[in-house]
Amino acid sequence: MRTGINGSKVFSKQWKGSLNNMAEIPDYRLNFGIEHESASNGTTTKDEMILKHYLRKEHKMSFPMASRPIAGIKVQTGVDCAMGLHNYSPIRGVQEAMDINEAVRYALTEYQGYTPRTWDNGKDAEEYEEFLEHIPEMIKHAVDGLQQYFTGVNRIEGESMKQFIEPKIDVPVVLYQDYSGGGRQIDLKCSLPMRNPPKKDGTRSWRVPKPKTEPSAQQVMQQAVYWKATGEKPALLFVTASGYNIVDETNCELMTEDNLQKAYDDVVRSWLVTQNLLKASRGSWKTLAGLVQPDMVQITQRHGPNITNLAKQLWSIT
């Protein structure tokens, strides 16, 4: 157990059971299967949050994946292998690191296990093939960035589940930090190539973006949760196939403690809205959905026709 900002108690994964016993989950949350809070729950729109949990609880489903997030996940897989942090747990700790080329091959093999979407006129399949060419360089840039950021740090921790208590919320908050050590933490953020419009001959070129120099509002809010929970200085490692950039309080005003506190307060407000919505709904998905306006256009673009049909059933007024 560690102490975060303002004395918040932080528990690593092995404390999960005892923490849940200490903080009994209210019945109104158990009915919806929303037994903890997270940074993502606090930063996503309420219709997306409701739909995500509805699919999990009532249909045993998750949102479908796409080549872009899968590629980012597999970049992190390769980085973890190269840093000895694959299959990390606080008990197991750092393992023997793979050679960088072996780590790249391992990540690419996992990436190739993904089957692209079929309902978006071939966009995901096209991106899948293009991203395959860029993942190796992104892994190498990310490893270089982590080695720079953690220079002089004796022990680096990989991704594992932690929980902490926010007094205003009646369930634990769960977080997954990508990398931490030496009183610092950093999250890997990958930007994959973007499609240019097709040429007259039907071929297409791609634009490799430069690493970002400023985080989005959602990324600041996520880091604010990690900072509040652990007390560790947050940073973001932006990686593309062209290089990497580390953003923290030394080069970005948004990552200073004053702005992190403001961002954390925004997340807590979002959690409180969710809490109030769940209480008001009294265990009814129809009531919960009726309290929030859905964006069906966004749902269709992100998740496809099958999820959209389930969303229309949930938000049906008949």
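Since the model is a prediction, treat every value here as computed from it, not as a measurement.

### What about the environment of tyrosine 111?
Residue position: tyrosine 111 is located in helix 6 (residues 100-111). Look at tyrosine 111 and you get buried, because its relative accessible area is 0%. Sequence separation of tyrosine 111 and proline 172 is 61 residues, and the distance between their C-alpha atoms is 33 Å. Once residues within four sequence positions are removed from consideration, tyrosine 111 is found in contact with Ser67, Ile70, Ala71, Lys74, Glu127, Tyr128, Phe131, Leu132 and Ile135. There is a polar contact of 2.9 Å between the side chain of tyrosine 111 and the backbone oxygen of tyrosine 128.

### Quick notes on the pairing of strand 11 (residues 243-247)
Strand direction decides the pairing type here: strand 10 (residues 236-240) and strand 11, joined by five bridges, are antiparallel. Within strand 11, the position partnered with leucine 237 by the bridge is isoleucine 246. Hairpin connection between strand 10 and strand 11: a loop of two residues separates the two successive antiparallel strands.

### What about helix 9 (residues 257-281)?
In this model, helix 9 (25 residues) spans 36 Å end to end at C-alpha, consistent with the 36 Å of a helix rising 1.5 Å per residue. The positive-phi residue at the C-terminal boundary of helix 9 is arginine 282, with phi of around 50°.

### Some details on the confidence of the model for the protein chain
Of all residues in the protein chain, 93% attain a pLDDT of 70 or more, and the chain-wide mean is 93. Here residues 11-22 is modelled with pLDDT under 50, and outside its nearest four sequence neighbours on either side it reaches 20 contacts, counting other chains as well.

### Considerations on the nonpolar core
Formed by 40 residues in total, the largest nonpolar core has its most connected members in Val79 and Ile186. Counting only elements with at least two residues in this core, the list comes to helix 5 (67-83), helix 6, helix 7 (123-149), strand 7 (184-190) and strand 10. Top element by residues in this core is helix 7. It accounts for ten residues. Setting aside residues no more than four positions away along its own chain, valine 79 makes contact with Ile139, Ala142, Val143, Leu146, Tyr179 and Leu188. Core analysis: the next-biggest nonpolar cluster, separate from the first, contains 21 residues, Tyr54, Leu55, Leu278 and Trp315 among them.

Parameters at a glance
- Residues numbered from 1 in each chain as written.
- Predicted model: local features only at pLDDT ≥ 70, side-chain atom pairs only at ≥ 80, totals over all residues.
- Heavy atoms only, no water.
- Helix = DSSP H or I, 4+ residues; strand = E, 2+ residues; numbered from the N terminus.
- Buried < 20%, exposed > 50% of the residue type's maximum accessible area, 1.4 Å probe, protein only.
- Contact = heavy atoms within 4.5 Å.
- Polar contact = N/O pair within 3.5 Å; in protein donor to acceptor, adjacent residues only side chain to side chain.
- Pairing = 2+ DSSP bridges.
- Expected span 1.5 Å × (residues − 1).
- pLDDT = per-residue confidence, 0-100.
- Core = buried A, V, L, I, M, F, W, Y, C linked by side-chain atoms within 4.5 Å.

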